[in-house]
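Spelled out, the chains give:
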Amino acid sequence: MRRREGNILVQILLAAVVGSIIAAGIMNLLLQRAASIKRAQDSEAGALRVRAGLDAIIRGWSAAGGATCSPVDGFFMKSGTPGNCDCSYVSTDGEMTISAQLVNERCALSIVGSPPP
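Residues numbered from 1 in each chain as written. Predicted model: local features only at pLDDT ≥ 70, side-chain atom pairs only at ≥ 80, totals over all residues. Heavy atoms only, no water.

1. Points about the nonpolar core
Among soluble globular proteins, nonpolar side chains are generally buried collectively. How we decide: Residue types Ala, Val, Leu, Ile, Met, Phe, Trp, Tyr and Cys, when buried and joined through side-chain atoms within 4.5 Å, form a set referred to as a nonpolar core. Accessibility here uses a 1.4 Å probe with only protein chains present; expressed as a share of the type maximum, an area under 20% marks a residue as buried, one over 50% as exposed, and anything in between as partly exposed. The secondary structure listing takes helices from DSSP runs of H or I that are at least 4 residues long and strands from runs of E that are at least 2 residues long, numbered from the N terminus.
Listed in full, the nine residues of the largest apolar core are Ala56, Ile57, Cys69, Val72, Phe75, Cys87, Tyr89, Ile98 and Ala100. At the level of secondary structure, the elements contributing two or more residues to this core comprise helix 1 (2-63), strand 2 (87-91) and strand 3 (96-103).

2. Side note on a nonpolar patch on the surface
Where we set the bar: Grouping into patches uses exposed residues only, defined as over 30% relative accessible area, and leaves out salt-bridged ones; the cut-off is 9 Å for like charges and 5 Å for nonpolar side chains (Val, Leu, Ile, Met, Phe, Trp, Tyr). Where accessible areas are quoted, they stem from the Shrake-Rupley method and a 1.4 Å probe; at the residue level, only the protein chains shown are allowed to cover. Note on definitions: salt bridges are taken to be side-chain nitrogens of Lys or Arg within 4 Å of carboxyl oxygens of Asp or Glu.
On the surface, Val18, Ile22, Ile26 and Leu30 cluster together to form a nonpolar patch covering roughly 380 Å² of accessible area. Tracing the backbone shows isoleucine 26 in helix 1. Given a relative accessible area of 47%, isoleucine 26 falls into the partly exposed group.

3. As for the pairing of strand 2
Put simply, the test is: Whether two strands pair depends on DSSP finding at least two bridges between them.
With five of five residues buried, strand 2 lies mostly within the body of the structure. Across the two faces of strand 2 the burial is the same, with Cys87, Tyr89 and Ser91 and Ser88 and Val90 all buried. The pairing of strand 1 (residues 75-79) with strand 2 spans four bridges and is antiparallel. Each residue of the ladder has a partner; that of methionine 77, found in strand 2, is tyrosine 89.

Shown next as structure tokens:
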């Protein structure tokens, strides 16, 4: 009689272990899906920030009458002087840097930044 009760208890414990492994696998799949969605949203948000920053700097340059370094909303000038093409901007949150340099007698922009993790 005791052996039968022990076998039943072992079977119940094994069923509980198998059930918990299945539940953990399902939760892992759901969490991976949510993490990939969050990653895609963060990537898109970063791309929008880069486009917005570039647009702001181009608008600032246009307002100054051409490709010259000038103050831009949402950014502060890290180096350079207004009226020149050799300058560097940093976003006010510090997550993006945009530099302008003279290349082949034209002002070229360089964007350094990444989406939030």
